[in-house]
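# What the coordinates show
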Amino acid sequence: MEIRLITSALPYVNNVPHIGHLVGSHLPADIFARYNRIKGNITLFIGGTDEHGTPTELEAIKNNTTPEKITDFYYKIHKEIYDWFGISYDNFSRTSKSKIHYEVTREIFLQIFRNGYIIEKEQELPYDPKWGRFLADRFVIGKCPYCGYDKARGDQCEMCGRLLDPKDLIDPRNAITGESIIFKKTRHMFLDLSKLENDLKNWLDTKKGIFSDVTLSIAYGWLKEGLKARSITRDLKWGVPVPYKELW
Ligand SMILES: [Zn+2]
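Residues numbered from 1 in each chain as written. Predicted model: local features only at pLDDT ≥ 70, side-chain atom pairs only at ≥ 80, totals over all residues. Heavy atoms only, no water.

## Side note on the environment of G161
- Of note, G161 is situated in the loop between β7 (152-153) and β8 (170-174).
- Note: C-alpha distance between G161 and A219 (58 residues apart in sequence) is 23 Å. (Helix = DSSP H or I, 4+ residues; strand = E, 2+ residues; numbered from the N terminus.)

Here it is as structure tokens:
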């Protein structure tokens, strides 16, 4: 008998789920959970709605309400649909309402920090002075510097396909209101992935013949370029606060 902990990608709660959510995420995990239960494995199938973050905050702004009300509204719809389709979750929870999620998130953060894998860096990010908040790349639009398309997004131009940084855009604007934005300095915590390069390479070497060639070549490609530090904090009110007081 084996022990299986199973989960599937947590859906955002800024919209009503569609068939793709079921087919691509919940159903495969459900099939695997049912298979393991039949085999007699000790099986725990957990999931929930991913309620924190920019999409929820922006959905609240658009609807002139609070993130909490938005998540209460959509969680109910998500839960009902997965129950309706008989997805056999042992626990389907919510990231904004679960005390365990809150504590585990902070604990993981502190452990990574104490092990020396988190660094603090300054960044210049898109900021909407009227809203008084920073904007994620995809909520910024402007003119593409390569093809001149007027509604290129901050992460990519849909017309010419080039990957962009919001700073590349000419006349950057808030994608929702159309108001001009500025760039403002802010400090964030980053996962210092470069420290893991050797361990990761050694681990990947043991996966030859197990992972597909495409997966391996992409992973080795990233290692060859050198892993970049990845930002793991956001300027949000709606989220799990960084346990700052416990850091130093
Ligand atoms: Zn373009």
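Having seen the structure, we can now continue with the description.
## A short note on the sheet that holds strand β6 (residues 140-143)
- Reading across from one edge, β7-β6-β8 is the order of the three strands in this open sheet, with antiparallel pairing throughout. Across the chains shown, the open sheet's two edge strands, defined by having one partner strand only, are β7 and β8.
- Note: β6 against β8, three bridges, orientation antiparallel. Across the sheet, V140 pairs through a bridge with N174, a residue of β8. (Pairing = 2+ DSSP bridges.)

## Section: the packing of aromatic side chains
- Counted under the stated rule, the structure contains nine aromatic pairs.
- On the numbers, 4.9 Å between centres and 45° between planes, the contact of Y89 with F92 is tilted.
- Of the aromatic side chains, those joined through ring pairs into one cluster are F45, Y75, Y82, Y89 and F92.
- Between K121 and the ring centre of F190, over which it is positioned, the NZ or CZ distance is 4.8 Å.
- Of note, K184 hangs over the ring of Y127, and the distance from its end group to the ring centre comes to 4.1 Å. (Phe/Tyr/Trp six-rings, centres within 6.5 Å; stacked < 30°, edge-to-face > 60°. Lys NZ or Arg CZ within 6 Å of the ring centre and 35° of its normal.)

## Examining the environment of A9
- If you trace the backbone, A9 turns up in the loop between β1 (3-7) and α1 (19-38).
- Linking A9 and D50, residues 41 residues apart in sequence, is a C-alpha distance of 9.0 Å.
- When residues no more than four places from it in sequence are discounted, the contact partners of A9 are S25 and H26. (Contact = heavy atoms within 4.5 Å.)

## Here we look at the side chain of T95
- Here T95 shows up in the loop between β3 (91-94) and α4 (99-114).
- By relative accessible area, which is 9% here, T95 ends up buried.
- At 2.8 Å, the side chain of T95 forms a polar contact with the backbone nitrogen of E51.
- Those residues within four positions of T95 in sequence are excluded, and the remaining contacts are L10, T49, D50, E51, H52 and H101. (Buried < 20%, exposed > 50% of the residue type's maximum accessible area, 1.4 Å probe, protein only. Polar contact = N/O pair within 3.5 Å; in protein donor to acceptor, adjacent residues only side chain to side chain.)

## Description of helix α2 (residues 54-62)
- Among the nine residues that make up α2, seven are buried, leaving the element largely enclosed by the rest of the structure.
- For α2, the full list of buried residues reads T54, P55, T56, E57, L58, E59 and A60.
- Buried-residue contacts for α2 involve α3 (67-84) and β5 (133-134).

## Things to note about the coordination of the zinc ion
- Within the protein, the atoms that donate to the zinc ion are C144 (SG), C147 (SG), C157 (SG) and C160 (SG), at distances of 2.3 Å.
- Angles of 105 to 114° at the metal separate the four donor atoms of the zinc ion, which places the site in the tetrahedral class.
- In primary sequence terms, the donor set of the zinc ion follows C-x2-C-x9-C-x2-C.
- Take C157: its relative accessible area is 0%, and that puts it in the buried class.
- Of the residues examined, C160 reaches a relative accessible area of 35% and is grouped as partly exposed. (Donors = N, O, S within 2.8 Å, 3.2 Å for Na, K, Ca; no water. Tetrahedral: all angles 85-135°; square planar, octahedral: opposite > 155°, others 65-115°.)

## Concerning the nonpolar core
- Ranked by size, the top nonpolar core spans 16 residues in total, and within it I6, F45, Y74, Y82, I87, Y89 and F92 carry the most contacts.
- At the level of elements, α1 and α3 are the ones that each hand at least two residues to this core.
- In terms of residue count, α3 provides more of this core than any other element does, six residues in total.
- Excluding residues within four positions of it along the chain, I87 makes contact with L22, H26, L27, D30, F45 and Y82. (Core = buried A, V, L, I, M, F, W, Y, C linked by side-chain atoms within 4.5 Å.)

## Brief notes about the sheet that holds strand β4 (residues 118-128)
- Taking strand neighbours across the sheet as the criterion, the four strands line up as β5-β4-β9-β10 in an open arrangement whose pairing is antiparallel. Lying at the two open borders of the sheet, with one neighbouring strand each, are β5 and β10 (230-231).

## Overview of the pattern of salt bridges
- By the definition in use, this model includes 25 salt bridges.
- Between R4 and E2 there is a salt bridge, and its shortest N-O distance comes to 2.9 Å.
- Its salt-bridge partner being K228, residue E225 comes within 3.8 Å of it at the nearest N-O pair. Like E225, the residue K228 is exposed in the burial classification.
- One salt-bridge network, held together by shared partners, links E51, E68, D72, R94 and K97. (Salt bridge = Lys/Arg side-chain N within 4 Å of Asp/Glu carboxyl O.)

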